[in-house]
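Here's the letter readout for the chains.
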Amino acid sequence: DAGITQSPRYKITETGRQVTLMCHQTWSHSYMFWYRQDLGHGLRLIYYSAAADITDKGEVPDGYVVSRSKTENFPLTLESATRSQTSVYFCASSLGLAEAFFGQGTRLTVV
Amino acid sequence: QKEVEQDPGPLSVPEGAIVSLNCTYSNSAFQYFMWYRQYSRKGPELLMYTYSSGNKEDGRFTAQVDKSSKYISLFIRDSQPSDSATYLCAMGGNNNDMRFGAGTRLTVKP
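Note that the structure is a prediction, hence the values are computed from the model and not measured.

### Let's talk about the interface of chain B and chain A
No. 1: Facing the 23 residues of chain B at the interface are 23 residues of chain A.
No. 2: Interface of chain B and chain A: buried area, both sides summed, is about 1900 Å²; carbon and sulfur atoms make up 52% of it.
No. 3: At the boundary of chain B with chain A, the tally comes to 1 salt bridge.
No. 4: The partner of arginine 99 of chain B in a salt bridge is glutamate 59 of chain A, with the nearest N and O atoms 3.9 Å apart.

In structure tokens form, the structure reads like this:
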């Protein structure tokens, strides 16, 4: 199906483990983004990418790593998960500067 | 001070009411402005976007931007129970680094 998909939808992991959240879009959008959403903070940008092999830090990048070897995929890795990284993570894509389209989110719990 | 301020509500209105949602911002570099709607346990979906000051209308929704006051609004006319959701304002500049408000939770009661 066309669109943007995230996997897994739910994940529970232990403190200190590495975990990767996947994001795949079928529109060939140039831009892709990772946000986290927490109560009281709204959506905060973690990393974004303007094209394959081009990534840049957002507002809250510490503890996260991204890569973009293909236009359609933009995985987010938590190198050593901490409880403060418990959150809902959203991936988004867009053609240009506006009109981002979001995935359904990954609800991550770090215990 | 946050770059984007949005009253989290919650806001509860009767069906048919006019709803006014607002955000203020501090960064003069913001050039484009958006409103997203987010239903519970879903991803945000784009409602409206605009690049300039003034009004933009789409059906029951009107987005208003006042760059001189750094203030944006979303008006919903003839509100429906199906409009019950969290509304997020968002804005960005040339670097494509969007900033979101915290979201306002709206409930429209039948």
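Once you've had a look at it, read on.
### A closer look at the layout of surface pockets
No. 1: The computed volume of the largest pocket comes to approximately 740 Å³.
No. 2: Surrounding the largest pocket, 28 residues form its lining, Gln37 and Leu39 of chain A together with Gln38, Thr86 and Arg105 of chain B being those nearest its centre.
No. 3: At the level of elements, strand 4 (31-38), strand 9 (87-94) and strand 11 (106-110) of chain A together with strand 9 (85-92) and strand 11 (104-109) of chain B are the ones that each hand at least two residues to the lining of the largest pocket.
No. 4: Residues of the lining of the largest pocket, tallied by class, amount to 10 nonpolar, 12 polar and 6 charged.
No. 5: There is about 230 Å³ of room inside the second largest pocket.
No. 6: Lining of the second largest pocket is provided by 15 residues; of these, His41 and Glu59 of chain A together with Lys2, Val4 and Phe100 of chain B occupy positions nearest its centre.

### A few points about the packing of aromatic side chains
No. 1: Taken as a whole and assessed by the stated rule, the structure comprises 15 aromatic pairs over all chains.
No. 2: With centroids separated by 6.0 Å and ring planes inclined at 80°, the aromatic side chains of phenylalanine 102 of chain A and phenylalanine 100 of chain B adopt a geometry described as edge-to-face. You can see phenylalanine 102 of chain A sitting in strand 10 (residues 101-102) and its partner phenylalanine 100 of chain B sitting in strand 10 (residues 99-100), one on each of two chains.
No. 3: Relative accessible area serves as the criterion here: at 6%, phenylalanine 100 of chain B is assigned to the buried category.
No. 4: Through a chain of ring-to-ring contacts, the aromatic side chains of Tyr31, Phe33, Tyr35, Tyr48, Phe90 and Phe102 of chain A together with Tyr36 and Phe100 of chain B assemble into a single cluster.
No. 5: If you follow lysine 56 of chain B out to its NZ or CZ, it ends over the ring of tyrosine 49 of chain B, 4.3 Å from the centre.

Calculation criteria
- Residues numbered from 1 in each chain as written.
- Chains lettered and ligands numbered in written order.
- Predicted model: local features only at pLDDT ≥ 70, side-chain atom pairs only at ≥ 80, totals over all residues.
- Heavy atoms only, no water.
- Contact = heavy atoms within 4.5 Å.
- Buried area = accessible area lost by both parts, 1.4 Å probe.
- Salt bridge = Lys/Arg side-chain N within 4 Å of Asp/Glu carboxyl O.
- 1 Å grid on protein atoms, 1.4 Å probe; cavity = no way out; pocket = protein on both sides within 12 Å on 5 of 7 lines; lining within 4 Å.
- Points joined across faces, edges and corners; volume = space filled by probe spheres on them.
- Helix = DSSP H or I, 4+ residues; strand = E, 2+ residues; numbered from the N terminus.
- Nonpolar A, V, L, I, M, F, W, Y, C, P; charged D, E, K, R; others polar.
- Phe/Tyr/Trp six-rings, centres within 6.5 Å; stacked < 30°, edge-to-face > 60°.
- Buried < 20%, exposed > 50% of the residue type's maximum accessible area, 1.4 Å probe, protein only.
- Lys NZ or Arg CZ within 6 Å of the ring centre and 35° of its normal.

It is worth stressing that arrangement in space is one thing and function is another; only the former is reported here.
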